[in-house]
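# Fold and contact review
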Amino acid sequence: MRVSRRALVMGAGTAGLGATLPFRRGFAKSGIKEYRLAAKPAVANLAGEGHPNTSVWAYNGDVPGPELRVRQGEPVRIVVDNKLGEDTTVHWHGIRLPNAMDGVPGLTQKPIRPGESFTYEFIPPDAGTFWYHPHADSLQQLGRGLAGALIVEEREPVAVDRDLLWLIEDWRLDDHGQIAPGFGNRMEAGMSGRIGNTVTINGRVPTTVSVRAGERVRLRLVSAALARIVGLRFDGHRPVVVAYDGQPCDPHPPEGGRVVLGPAMRADLIIDMDGKPAQTYRVTDDFYPDLAYKLVDLVYASEKPIRDHPPAPLRRLPANPLPEPDLAAAERHEIALQGGMMGGMGMSGMGGATWAMNGMSMTGDGQPNMPPLLTLKRGKTCVLALRNETAWWHPMHLHGHSFRVVSRNGKPNKLQEWRDTLLVPARESAEIAFVADNPGDWMFHCHVTDHQEAGMMTVIRIA
């Protein structure tokens with residue numbers, strides 16, 4: 001794909017320092033917080049002032065969809081109205097919820113038909129940064145704008161001056177500023193997937209993010225891209241990672257000074273704004289070295305620092321109630337990620353498949369009668385040994401669970417690292433462990449959406 005330098009740097013969205021909360025009602029008797037989301041066609045200005053508006057699909061007419069904020073351990077009800085011309089569902093990515101609320105058509109629920117509604121109800125057990133998106137016609141619906149953040153707030157506030165969200169999306173726009181056709185291109189599906197030419201933050205083109213010297217910021221990063229992997233460097237700053245995929249970790253600097261996120265992955269950073277007043281500092285995405293570009297600028301106000309001494313030392317975020325895997329008693333399963341260009345496309349899976357796991361493929365939105373790749377006994381610890389035999393990177397997502405990253409390429413992981421989506425580089429391996437405590441049929445798939453729809457998707461059954 002050929003894109004102009006200007007198109008690549010057109011990218012990052014604005015400083016949106018937290019979206020306006022959507023319509024909601026608190027039910028005094030039941031104590032349930034309710035939101036309402038409508039998936040429908042809309043118009044958004046993605047390319048910036050002086051450029052045409054873009055026709056999109058959006059929740060409540062906004063790109064991204066409303067930022068939903070709920071409290072850990074408190075019930076939430078979300079009514080989804082389908083005002084599209086095709087079926088849809090909503091998947092609450094990373095939330096450990098009942099299987100019937102997981103949003104996979106034909107597996108956990110009937111699809112929401114045009115003109116119909118579906119009510120999702122659950123109690124989020126974990127605080128952290130999560131998000132929501134369709135799991136029906138995922139490539140096109142997500143690629144046209146259906147995504148939003150779901151923030152589960154800790155029971156006690158975290159000591160920061162500001163809590164910011166950057167939801168990163170990647171778009172492929174044509175010369176008229178419209179979403180380019182060609183979803184599901186077979187050649188792209190066999191390689192890196194549909195990578196766009198415009199990157200936004202919170203649905204906007206780059207301006208600046210205003211900061212104050214001396215403040216401590218919690219920055220929540222959410223990647224809602226179809227295929228693009230980002231690697232963010234914060235010039236002049238020392239971000240500290242405090243959570244991955246909503247799950248707290250020991251505070252540490254990002255490896256190599258760069259925060260790497262594949263599609264669907266999240267990271268919570270604490271950044272002490274110790275730059276100089278009236279100065280500008282660049283945030284750069286250089287994951288693809290030959291296509292590095294400025295994502296956005298951090299611009300310091302000219303006022304003096306808000307405090308005359310450094311903030312208190314960082315503390316670990318409160319732990320979530322995750323069951324600890326029993327590695328000594330775990331059952332172990334090996335899963336080979338297979339297929340794609342330069343990786344052998346003669347899969348034995350279903351028709352149209354380009355990718356597979358252990359020789360099995362599930363294409364499209366999945367098939368309701370697809371036999372599970374694995375059947376696990378409830379309460380048992382499972383170790384999945386993932387081996388990427390392909391020439392491409394895969395962010396592997398397990399629904400309904402968070403897992404410990406035990407090792408990478410045979411070396412024990414020194415971090416207490418929990419995730420729900422793990423980026424496995426080409427020709428590399430990793431081991432993940434989790435307690436199979438959430439019964440049901442759960443999707444396990446690559447979150448490069450082209451890869452998912454072209455076969456790298458399966459079911460893990462917890463009996």
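Reading the values: rules and limits
Residues numbered from 1 in each chain as written. Predicted model: local features only at pLDDT ≥ 70, side-chain atom pairs only at ≥ 80, totals over all residues. Heavy atoms only, no water. Helix = DSSP H or I, 4+ residues; strand = E, 2+ residues; numbered from the N terminus. Rg over C-alpha atoms; globule rule 2.2 N^0.38 Å. Buried < 20%, exposed > 50% of the residue type's maximum accessible area, 1.4 Å probe, protein only. Contact = heavy atoms within 4.5 Å. Areas by Shrake-Rupley, 256 points an atom, 1.4 Å probe, with all protein chains shown as cover. Polar contact = N/O pair within 3.5 Å; in protein donor to acceptor, adjacent residues only side chain to side chain. Pairing = 2+ DSSP bridges. Axes fitted to C-alpha atoms, helices over the stretch in contact; angles between N-to-C directions. Salt bridge = Lys/Arg side-chain N within 4 Å of Asp/Glu carboxyl O.

## Some thoughts on the overall build of the chain
Looking only at helices and strands, the chain features 4 helices and 34 strands. Its C-alpha atoms give the chain a radius of gyration of 21 Å, within 12% of the compact-globule value 23 Å for 463 residues. Taking the principal axes of its C-alpha atoms as reference, the chain extends roughly 65 × 50 × 50 Å. Relative to its full complement of 463 residues, the chain shows a buried share of 57%. Put simply, of all contacts in the chain between residues at least 6 apart along the chain, 77% involve residues at least 24 apart. Of the accessible surface of the chain, which amounts to about 18200 Å², a share of 52% is contributed by carbon and sulfur atoms.

## Topic: the side chain of Glu 154
Following the sequence through the fold, Glu 154 ends up in the loop between strand S9 (148-153) and strand S10 (162-171). Among the polar contacts made by the side chain of Glu 154, one reaches the side chain of Arg 218 at a distance of 3.1 Å. Every residue in contact with Glu 154, bar those within four places of it in the chain, is listed here: Arg 71, Gln 72, Ala 127, Arg 218, Arg 220, Leu 317 and Pro 318.

## A look at the sheet that holds strand S32 (residues 440-446)
Spatial ordering of the open sheet is given by S24-S34-S32-S26-S30, a layout of 5 strands whose pairing is mixed. The sheet terminates laterally at strand S24 (374-376) and strand S30 (421-424), the two strands that pair on one side only. Strand after strand, the sheet turns through a mean of 20° between neighbouring axes, direction not considered. Bridge count for strand S26 (residues 394-398) against S32 is 3 bridges, and the pairing is antiparallel. In the sheet register, Met 396 faces S32, and the bridge partner there is Cys 446.

## Re the pattern of salt bridges
For the structure shown, the criterion picks out 31 salt bridges. The closest approach of N and O atoms between Asp 286 and Arg 258, which form a salt bridge, is 3.2 Å. With Asp 286 in the loop between strand S19 (280-285) and strand S20 (293-300) and Arg 258 in the loop between strand S16 (247-252) and strand S17 (259-261), this pair connects stretches of sequence that are 28 residues apart. For Arg 387, the salt bridge is made with Glu 334, and the minimal N-O distance between the two is 3.5 Å. On the criterion of sequence distance, the pair formed by Arg 387 in strand S25 (residues 381-388) and Glu 334 in strand S21 (residues 331-339) is long-range, its members being 53 residues apart. Classification of Arg 387 by relative accessible area gives partly exposed; the value is 35%. Taken together, the shared-partner salt bridges in this structure form one network comprising Glu 67, Arg 69, Glu 153, Glu 154, Asp 163, Arg 218, Arg 220 and Asp 268.

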